[in-house]
Amino acid sequence: MGKLIKAELFKLSRTFTYKALITFSTVIGIAFGTVVVRGGFTAAGIFWVAIMGTGFLYNAALISLFAADYIAGEFANRTFAAEIACGASREALFGAKAAVFFVGLLPLLFIYDIITIAVLTVQNGFGAAWNADTAVFIISRVLFSILCNFTMGACILLAAYLARSRLATVGIGAGGAYLLHQCCINEHNPVLLKLWQFTFVYQMDAVCSGRRAEPVPFTIVAISSLVGTAALLGAALLAFCRCDLK
Amino acid sequence: MDERAAETIFKAENVKKKYRRLQLSSGQWKTNYALDGINMEIRRGDIYGLVGGNGAGKTTLMRILAGLAAPTEGTIELFGESDPKKLHIQRRRINGIIETPALNPALTAWENLEVCRLQQGLADDGRVEEALSLAGLAPRDIEGVKVRNFSLGMKQRLGIAKALLGRPELLFFDEPLNGLDPEGIWDFGALIGRLKESGVTVLISSHLLRELSLLATCYGFVCKGKMTGQITARKLEEKGGDLEAYYLSQVQKSSGGMD
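Let us look at the structure shown here.

Conventions and cut-offs
- Residues numbered from 1 in each chain as written.
- Chains lettered and ligands numbered in written order.
- Predicted model: local features only at pLDDT ≥ 70, side-chain atom pairs only at ≥ 80, totals over all residues.
- Heavy atoms only, no water.
- Pairing = 2+ DSSP bridges.
- Helix = DSSP H or I, 4+ residues; strand = E, 2+ residues; numbered from the N terminus.
- Axes fitted to C-alpha atoms, helices over the stretch in contact; angles between N-to-C directions.
- Contact = heavy atoms within 4.5 Å.
- Buried area = accessible area lost by both parts, 1.4 Å probe.
- Salt bridge = Lys/Arg side-chain N within 4 Å of Asp/Glu carboxyl O.
- 1 Å grid on protein atoms, 1.4 Å probe; cavity = no way out; pocket = protein on both sides within 12 Å on 5 of 7 lines; lining within 4 Å.
- Points joined across faces, edges and corners; volume = space filled by probe spheres on them.
- Nonpolar A, V, L, I, M, F, W, Y, C, P; charged D, E, K, R; others polar.
- Disulfide = S-S within 2.5 Å.
- Buried < 20%, exposed > 50% of the residue type's maximum accessible area, 1.4 Å probe, protein only.
- Expected span 1.5 Å × (residues − 1).

Describing the sheet that holds strand 4 (residues 73-78) of chain B
Residue and element names in this part refer to chain B. Overall, antiparallel pairing links the 3 strands, which are arranged 2-1-4 in an open sheet. With one partner strand each, in any of the chains shown, strand 2 (28-43) and strand 4 form the two edges of the open sheet. Put simply, the sheet's adjacent strands are angled 20° from each other on average, direction ignored.

Things to note about the interface of chain B and chain A
Facing the 32 residues of chain B at the interface are 24 residues of chain A. Around 2,300 Å² of area is buried between chain B and chain A when both sides are counted, 57% of it from carbon and sulfur atoms. The interface formed by chain B and chain A includes 2 salt bridges. Of the charged contacts in the structure, one is a salt bridge between K17 of chain B and D244 of chain A, with a shortest N-O distance of 3.0 Å.

Section: empty space enclosed by the protein
Considering all chains together, one arrives at 3 cavities of 30 Å³ or more under this definition. Reported here for the largest cavity is a volume of approximately 190 Å³. Lining of the largest cavity is provided by 20 residues; of these, A82 of chain A together with N95, G96, I97 and A102 of chain B occupy positions nearest its centre. Sorting the residues of the lining of the largest cavity by element identifies helix 5 (79-85) of chain A together with strand 5 (94-97), helix 3 (109-119) and helix 6 (152-164) of chain B as the ones contributing at least two each. By residue number, the principal contributor to the lining of the largest cavity is helix 5 of chain A, which donates 4 residues. Across the lining of the largest cavity, the residue classes tally to 12 nonpolar, 5 polar and 3 charged. Taken as a whole, the second largest cavity spans an internal volume of roughly 100 Å³. Those elements that provide at least two residues to the lining of the second largest cavity are helix 5 of chain A together with helix 3 of chain B.

A look at the state of the cysteines
Within the structure shown, the criterion is met by 0 disulfides over all chains. A disulfide-free cysteine, C243 of chain A has its sulfur positioned 8.3 Å from the sulfur of C241 of chain A, the nearest such atom. With a relative accessible area of 8%, C243 of chain A lands in the buried category. Free of any disulfide, C218 of chain B has its nearest neighbouring cysteine sulfur in C223 of chain B, separated by 19 Å. Look at C218 of chain B and you get buried, because its relative accessible area is 0%.

Re the layout of surface pockets
Residues and elements named next belong to chain B. The calculated volume of the largest pocket comes to roughly 640 Å³. If you go around the largest pocket, you meet 25 residues; those closest to its centre are G67, A70, P84, K85 and R91. Counting residues per element, the lining of the largest pocket draws most heavily on strand 4, at 3 residues. Counted by class, the lining of the largest pocket contains 12 nonpolar, 6 polar and 7 charged residues.

Digging into helix 6 of chain B
Between its first and last C-alpha, helix 6 of chain B extends 18 Å over 13 residues, near the 18 Å set by a 1.5 Å rise per residue. Inspection of helix 6 of chain B places Q156, R157, L158, G159, I160, A161, K162, A163 and L164 of chain B among the buried residues, and these make up the whole buried set. On the buried face of helix 6 of chain B, the contacting elements are helix 5 of chain A together with strand 5, helix 3, helix 4 (127-134), strand 6 (170-174) and helix 7 (182-197) of chain B.

Here is the structure:
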């Protein structure tokens, strides 16, 4: 699998779509940070740290576009078929692809937030003392963001392996995320809300929207994310191993 | 005396491939057999011509060889290995093109081959340049050019270069002559000749019988998913040498056996 991961990293480094998405995130981060500061936004950097990575629909769109090119594109170009034909096992190929997909997600998701935090900090200060408590807080927010977005990424990755089409991946990924988001924010049944708490949709919404009384405990986020991501990746692997390729 | 080598590289025994689809008009499931009991054997050094019309099952058989599809029934054996869980290890000794070359259009020729080299863990010993040269792609023509801007012939050549990169023992080409101009067909023939001299085994499927007859050392005839017959080029020569006439006579047969 090491060879396959090396090849996938080489491919990713040469992929125009990925570079374009990184550039877009960077530009949006600079533009957004500049606009809100000039608009009189007085929040400090720590405010944005608290909500980093919870831009649900924005992240869903970015991840969908990335998965459409990086995963679904392999079906469209038949390059998965070529790799299997010269001896890569489907399991190893899936593993390498998933590993690099999630590694590739990190800069994609965090560039925008990091730039916004930097702009707010320069303009309004960080808003918290640099000590162990602040460090723990930052680490916990980063972990929270990674866990939720990786689960969303696993959902969209599964969609890519099932749809095997760029357009369908973007449609299901971004469209499905929007529908899930709408269902979540419009749910008022207390029993169903208890179940929604185990989903990344609710967990991200609870942090950034102010709609919920309090955020979901980190333990629940961690367990539900790990279990959910594993299940989704397992389903995607099964779909990939059983399908006939052209 | 059998002029073919003794070592069997690829063997298919009673291979069937079934597809089911729902007929909306009747609401019933219909079963189609793309392959319906294929028995064939490719020996080391063969230039094996797989002959059949459109929809005969040639591409399906190649996809099963390449691991892109699994047989519904029957077994395949590659370099003596028949365990489906271990076949991928033997597939590192083969490569080829099915229908059209599988290339990343957003990358250049060199980048496509470099990805392939990294995936297969091949040494960076100039084999990328060697493969491009064998396939007839001049560096000055392809430097910095994305594959999406290549002509069909150039893509075909790049696909061949990709197939040759790992110096495989068995190459398979599905309809490789489609879309090639006369110069391309000649170049492909010359390449097959060079591969034959170096001991590489080749499986070529085509319905262009005249061109195929210039390349192949033995033939297998596929019709409606069944192997209707197999014959060596020498035996065919003894029977008059007309591949087209022999193929048409095989269309009516229901079972295969080496003549």
